[in-house]
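So you can see what is in the structure, the chains are spelled out below.
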Amino acid sequence: MTDVTGAPADVLHALFHSDQGGHEQVVLCQDRASGLKAVIALHSTALGPALGGTRFYPYATEAEAVADALNLARGMSYKNAMAGLDHGGGKAVIIGDPEKIRTEQLLLAYGRFVASLGGRYVTACDVGTYVADMDVVARECRWTTGRSPENGGAGDSSVLTAFGVYQGMRASAQHLWGDPALRGRRVGVAGVGKVGHRLVEHLVAEGAEIFVTDVREDAVRRITERHPRVRAVAGTEELIRVEDLAIYAPCALGGALSDTSVPVLTAEVVCGAANNQLAHPGVEKDLADRGILYAPDYVVNAGGVIQVADELHGFDFERCRAKAAKIYDTTLAIFARAKEDGVPPAAAADRIAEQRMHEAAAARR
């Protein structure tokens, strides 16, 4: 069923009526000459211009792409608020297989659409997009971050994303076991792409016992050839069942924590880089009921957005690294708030982020 605009009715319902809605603006972009089809979603600009990456992915349907953009944009509002940034939340998705349709013309067309928002949305890299892509987008749009150093940017934001997740793991260990050290702990990393493989490097340096999996055999091979003591498993289903697993790190796409995965998860802690790890509301309670400590994804994976936000003011890596290191303290504060309020950590983080956004919106009225 469609409405009078021809858009699927469930998409408009998600935008205007669902708990995942409440977005300020959603832009559907199409450039027939290049084949571009994209969605730009702005959830909130209460704290400042919306900031969030561009995902390039072969969605099965346009409705699925819109839903992903809405969810991701909402998550960015909370992430930026918890990171202490003066930015709201936004996200964009380009529909299609980047290996098949990515062209300079398509990226330039996308840049023009972002530029048409006049600075309300600042874009960066995400799944399927890279620094080289942002360099092309920036030729049409000055509100582009994640560019190469040669083009005035900060480079790959996965560096500090992984560092922030590592700090979240250390905070989780401190909270649960009274010691932030990860030496000897069994850690399972699902997805060893841009962020996951850097996270593995931190864990190797600390002496953790590491298990990895990825849908791409070459990504796993890159890790195991470099670090022969890292063990590969066949898939996520096997990884979450590894005996005596201390920490599970979802670092691929969202929805990793679901009604089917949580009951069989052997880990005592979940702390990973993937966005939207909770498949639906209520999963955070299921984790808590099983005694599994969940470090909210948008808190621990904020290192990348801290990096790209700094790029707008003249990038300084050490300044950004110092900010990302504070993810350790922020994560501990969330665990303390959760205990104080008697709620799961995800709910505690939401309350803190919502309070900051509410106060900022009220101050502007």
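Residues numbered from 1 in each chain as written. Predicted model: local features only at pLDDT ≥ 70, side-chain atom pairs only at ≥ 80, totals over all residues. Heavy atoms only, no water.

**As for the sheet that holds strand S12 (residues 293-294)**
Judged by pairing direction, the sheet is parallel, and its six strands sit side by side in the order S9-S8-S7-S10-S11-S12 without closing on themselves. Only two strands of the sheet have a single neighbouring strand rather than two, namely strand S9 (231-232) and S12. Of the strand pairs in this sheet, strand S7 (residues 186-190) and strand S8 (residues 209-213) are connected by five bridges, and their pairing is parallel. The partner of valine 187 across the bridge, within S8, is isoleucine 210. (Pairing = 2+ DSSP bridges. Helix = DSSP H or I, 4+ residues; strand = E, 2+ residues; numbered from the N terminus.)

**Describing the packing of aromatic side chains**
Tallying each qualifying case throughout the model produces three aromatic pairs. On the basis of an interplanar angle of 70° and a centroid distance of 6.4 Å, the ring pair of phenylalanine 315 and phenylalanine 317 is categorised as edge-to-face. Overall, the relative accessible area of 27% leaves phenylalanine 315 in the partly exposed class. Given a relative accessible area of 31%, phenylalanine 317 falls into the partly exposed group. In this structure, arginine 185 packs its charged tip against the face of tryptophan 177, placed 3.9 Å from the ring centre. (Phe/Tyr/Trp six-rings, centres within 6.5 Å; stacked < 30°, edge-to-face > 60°. Buried < 20%, exposed > 50% of the residue type's maximum accessible area, 1.4 Å probe, protein only. Lys NZ or Arg CZ within 6 Å of the ring centre and 35° of its normal.)

**Comments concerning the packing of helix H6 (residues 158-177) against helix H14 (residues 327-341)**
Their axes nearest at 8 Å, the elements H6 and H14 cross at an angle of 40°. Considering the angle they form, H6 stands oblique to H14. Read as a crossing pair, H6 and H14 show a hand that is right-handed. Between H6 and H14, the contacting residues are Gly164, Gln167, Gly168, Arg170, Ala171, Ser172, Gln174 and His175 on the first element and Ile327, Tyr328, Thr331, Leu332 and Phe335 on the second. Grouping the constituent residues of the contact of H6 with H14 by class yields five nonpolar, seven polar and one charged. (Axes fitted to C-alpha atoms, helices over the stretch in contact; angles between N-to-C directions. Parallel < 35°, antiparallel > 145°, perpendicular 65-115°, else oblique. Left-handed = near helix turned anticlockwise from the far one by under 90°. Contact = heavy atoms within 4.5 Å. Nonpolar A, V, L, I, M, F, W, Y, C, P; charged D, E, K, R; others polar.)

**Some thoughts on the nonpolar core**
Ranked by internal contacts, the top residues of the largest apolar core, which has 69 residues, are Ile40, Tyr110, Tyr121, Met169, Val189, Leu199 and Leu203. Here this core gets seven residues from one element, more than from any other, and that element is H6. Those residues in contact with valine 189, other than ones at most four positions away along the chain, are Gly196, Leu199, Val200, Leu203, Phe211, Val212, Thr213, Leu239, Ala249 and Cys251. Counting 19 residues, the second largest nonpolar core, distinct from the first, contains Val242, Leu245, Ala256 and Val262. (Core = buried A, V, L, I, M, F, W, Y, C linked by side-chain atoms within 4.5 Å.)

**Some details on the packing of helix H2 (residues 62-82) against helix H15 (residues 345-364)**
Interaxial distance between H2 and H15 falls to 9 Å at its minimum, and their mutual angle equals 85°. Judged by the inter-axis angle, H2 sits roughly perpendicular to H15. Of H15, the residues touching H2 (which contributes Ser77, Tyr78, Asn80, Ala81 and Met82) are Ala349, Asp350, Ile352, Ala353, Glu354, Arg356 and Met357. Looking at the contact of H2 with H15 residue by residue, the class counts come to seven nonpolar, two polar and three charged.

**Focus on helix H4 (residues 104-115)**
Across its twelve residues, H4 extends 16 Å between first and last C-alpha, which sits within 8% of the 16 Å expected from 1.5 Å per residue. Listed in full, the buried residues belonging to H4 are Leu106, Leu107, Leu108, Ala109, Tyr110, Gly111 and Val114. (Expected span 1.5 Å × (residues − 1).)

**What to know about the pairing of strand S2 (residues 36-44)**
Among the nine residues of S2, eight are classified as buried, and the element is accordingly described as predominantly covered. Bridge count between strand S1 (residues 25-31) and S2: seven bridges; the pairing is antiparallel. Counted as the bridge partner of leucine 28 is valine 39 from S2. In sequence, S1 turns back onto S2 through a hairpin of four residues, with glycine 35 there showing a positive phi of about 85°. As judged from the six bridges shared by S2 and strand S5 (residues 88-95), these two strands associate in the antiparallel manner. If you follow alanine 38 over to S5, its bridge partner there is isoleucine 94.

**Things to note about unusual backbone geometry**
The backbone of aspartate 244 sits at a positive phi, close to 60°, despite the residue not being glycine. Along the chain, the position of aspartate 244 falls in the loop between helix H9 (236-239) and strand S10 (247-250). The backbone of asparagine 276 shows a phi angle near 50°, a positive value even though the residue is not glycine. Here asparagine 276 shows up in the loop between strand S11 (269-270) and helix H10 (283-289).

**Section: the environment of aspartate 310**
Positionally, aspartate 310 belongs in helix H12 (residues 303-311). Overall, the relative accessible area of 4% leaves aspartate 310 in the buried class. With 19 residues separating them along the chain, aspartate 310 and aspartate 329 place their C-alpha atoms 20 Å apart. The contact partners of aspartate 310, leaving out residues within four places of it in the chain, are Phe315, Asp316, Arg319, Cys320 and Lys323.

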